[in-house]
Amino acid sequence: MKALLLLLLLVQLCSASLVPEREKDPEYWRRQAQDTLRAALRLQRLNQNVAKNLILFLGDGMGVSTVTAARILKGQLQHGQGEESLLEMEKFPYVALAKTYNTNAQVPDSAGTATAYLCGVKANEGTVGVSAGVTRDRCNTTKGQEVTSILRWAKDAGEGVVGAGVKRWGFGGVPTIAPGICGTGKAVGIVTTTRVTHATPSAAYAHSANRDWYSDGEMPPDALEGGCRDIAWQLVENIPDIEVILGGGRKYMFPKNTSDVEYPQEEKHRGTRLDRRDLVRAWHEAKPPGKVAKYVWHRRDLLALNLSRVDFLLGESWHPRVPWPQLGALGGHLAHPGVPGQLEWRVMRGTGGDAERCRGPTGGRIDHGHHEGKAKQALHEAVELDRAIGLATRLTSAQDTLSVVTADHSHVFTFGGYTPRGNPIFGLAPMQSDVDRKPFTSILYGNGPGYKIVAGERENVSAVDFAHADYQAQSAVPLRQETHGGEDVAVFAHGPMAHLLHGVHEQNYIPHAMAYAACIGSNRGHCNAAARPGASSLLPFLALLILLC
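Everything numeric in this text was worked out from a predicted model, so none of it was measured.

(A) Molecular detail of the overall build of the protein. A tally of helices and strands in the protein yields 13 helices and 25 strands. Among the 549 residues that make up the protein, the fraction classed as buried is 56%. Sequence separation of at least 24 residues holds for 70% of the intrachain contacts in the protein that already meet a minimum separation of 6. Of the roughly 22700 Å² that the protein leaves accessible, carbon and sulfur atoms contribute 54%.

Written out as structure tokens, the structure reads:
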């Protein structure tokens, strides 16, 4: 007991020395509060412009505890104590909470939640782009239950608009060109650091009774006989005029046993399709005459493109999940070696004629990191996502661009242990357990693969490298994969009509608020003639940036 009291005393003494001098002055906190108050008062002048651009950043699995820990990590990466730092998303003036439950699940999965925040309808777990009338795995319950997404609403808006062929920005590594003549509404894009057929992006274009039906090779015979289509098929056929699609999982696009272009000798990377269709070829053939469509699978090919001459872009790596050491929107070959999360892109600036080469950080795979109990990987991914948010914010205007940042669900991830100010986020708590007399890390999981018993006792973390990227934080319950959490997730909003995202909402409210701001979808009674989509001589751009983990 005396040793424990001495340790606590030392911690208190050290903590006192960690307080910045300015924070000891009460006036520092009073001035800070008054500055915040003045900023809040300015928000009384609501931005009710029509949003010409919409950007949705989705951090898969980025619960509130992940956001807080990522904030601290960001500050410590910048050589600060961390707690005082601000993420780019936290600079957005409007914040809400979204209730994430699925119609049949208290703790949700990524498919049902994607249907909510993209299609505006809550759904059952494991299903994408369909209503709660569909039962998972049952193809025969799908017909007539399909629901469309905000991407489809954007494509249905402003039909017959003649634009000026204006080059528009590409967000999060999305270089896009708004076509000069577009009979199918707004320009749209999907970007993901996982497979493009993953549950989260697939709700933007697909309708499936099972999120795992990536190709017809993964579908059961009764579903095939019932006329249901796989998700990769729907990517090409349902909305063939998506301007930009970037992600992984290309093997689902090619006939079964087709050798991979990059890894021809490896069987696991071969095509999976039973219908023998080459969906990349089908994607090319579906484009209108005179339009330029480019397919890339390597970073060098992406950077070599003359984007002023590209109307449609499809980029796919082989990776079903982008590898940890080389993160980037198109997988390892599009990432900078040794710089996780970095993708060099070209951003088309407004009506300017030249492409500017930038480094566009993309976040993703937060969810996968947490499932594996690898908090370091999850939090670094969250920081990378935030860097992409900051870049997009600098390249756009709040006067005409509504940006929304949210998550589909949380995880059973936490950090605590009375750590002192500036404690390394991946470090130890300043005390030992008063039960087993062993140290513990601040970061812990409620369940997952980090549960370890050594010689009948909890593992002593001081004997392992708990700062390693692959370290699996200890968990209370042993599971091969850590689970999602059921608490609400944050929604950050900035730009026209961002004030509509406030308070506590059902998750399916999000796309309805975004559509209202952009005057797309069914609720357009508030749009006057000048503000309606299609009235402008410039074709508005809608980007749905979905960054997964």
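(B) Geometry of helix H13 (residues 509-518). Within H13, seven of the 10 residues are buried, leaving the element largely enclosed by the surrounding structure. Those residues of H13 that fall on the buried side of the exposure criterion are Ile510, Pro511, Ala513, Met514, Ala515, Ala517 and Ala518.

(C) Region of interest: the pairing of strand S23 (residues 489-494). In terms of residue burial, S23 counts as a mostly covered element, since six of its six residues are buried. Alignment of strand S2 (residues 94-99) against S23, held across five bridges, turns out to be antiparallel. Bridging across to S23, Tyr94 finds its partner in Ala493. Pairing of strand S13 (residues 401-406) with S23, which is carried by four bridges, proceeds in the antiparallel orientation. Across the sheet, the residue bridging to Ser403 is His494, located in S23.

(D) Structural context of the UniProt feature "active site" (unreviewed entry) in the protein. As annotated by UniProt and renumbered to match this structure, "active site" (unreviewed entry) occupies Ser110. Along the chain, Ser110 turns up in helix H4 (residues 110-119). Contact partners of Ser110, with chain neighbours within four places excluded, come to Asp60, His198, Ala199, Thr200, Arg211, Asp408, His409 and His484.

(E) Inspection of the sheet that holds strand S18 (residues 443-448) at higher detail. One open sheet holds the three strands; their spatial order is S15-S18-S21, and the pairing between them is mixed. In this open sheet, the two strands that pair with only one neighbour each are strand S15 (413-415) and strand S21 (475-478). The mean angle between the axes of side-by-side strands here comes to 20°, regardless of whether they run parallel or antiparallel.

(F) Highlighting the state of the cysteines. Going through the model one piece at a time under the given rule, you end up with two disulfides. Cys139 shares a disulfide with Cys228; S-S distance 2.0 Å. Its S-S torsion of approximately 105° makes the covalent link between Cys139 and Cys228 right-handed. Separated by 89 residues along the polypeptide, Cys139 in the loop between H4 and helix H5 (150-156) and Cys228 in the loop between helix H7 (221-225) and helix H8 (231-237) bring together distant segments of the chain. Accessibility classification places Cys139 together with Cys228 in one group, the buried group. Here Cys519 pairs with Cys527 through a disulfide, and the sulfurs are 2.0 Å apart. What sets the handedness of the Cys519 and Cys527 disulfide is the S-S torsion sign, and at about -110° it is left-handed. We note that Cys519, like Cys527, is buried. Taken in N- to C-terminal order, the disulfide-linked cysteines of the protein are connected 1-2, 3-4.

(G) How the structure looks around the side chain of Glu90. With respect to the secondary-structure elements, Glu90 resides in the loop between helix H3 (64-77) and S2. Engagement of the side chain of Glu90 in a polar contact is seen with the backbone nitrogen of Leu87, the distance being 2.9 Å. With residues near it in sequence (within four places) discarded, Glu90 still touches Val67, Arg71, Ser85 and Phe492.

(H) Quick look at unusual backbone geometry. If you check the backbone angles, Arg276 has positive phi at about 65° while not being a glycine. Residue placement: Arg276 occurs in the loop between strand S8 (244-248) and helix H9 (279-285). Residue classification places Arg276 among the exposed residues on the basis of a relative accessible area of 53%. Backbone geometry places Met497, a non-glycine residue, at a positive phi of 60°. By secondary structure assignment, the location of Met497 is in the loop between S23 and strand S24 (503-506). Residue classification places Met497 among the buried residues on the basis of a relative accessible area of 10%.

(I) Summary view of the sheet that holds S23. Strand order across the open sheet formed by five strands is S1-S13-S23-S2-S24, with mixed pairing between neighbours. The sheet terminates laterally at strand S1 (53-58) and S24, the two strands that pair on one side only. Direction aside, neighbouring strands of the sheet carry axes that sit 25° apart on average. Contacting S1, S13 and S23, helix H12 (residues 375-395) runs over the sheet at an angle of about 170° to S1.

Conventions used here
- Residues numbered from 1 in each chain as written.
- Predicted model: local features only at pLDDT ≥ 70, side-chain atom pairs only at ≥ 80, totals over all residues.
- Heavy atoms only, no water.
- Helix = DSSP H or I, 4+ residues; strand = E, 2+ residues; numbered from the N terminus.
- Buried < 20%, exposed > 50% of the residue type's maximum accessible area, 1.4 Å probe, protein only.
- Contact = heavy atoms within 4.5 Å.
- Areas by Shrake-Rupley, 256 points an atom, 1.4 Å probe, with all protein chains shown as cover.
- Pairing = 2+ DSSP bridges.
- UniProt positions renumbered as here; feature names shortened; annotations may be inferred.
- Axes fitted to C-alpha atoms, helices over the stretch in contact; angles between N-to-C directions.
- Disulfide = S-S within 2.5 Å.
- Polar contact = N/O pair within 3.5 Å; in protein donor to acceptor, adjacent residues only side chain to side chain.

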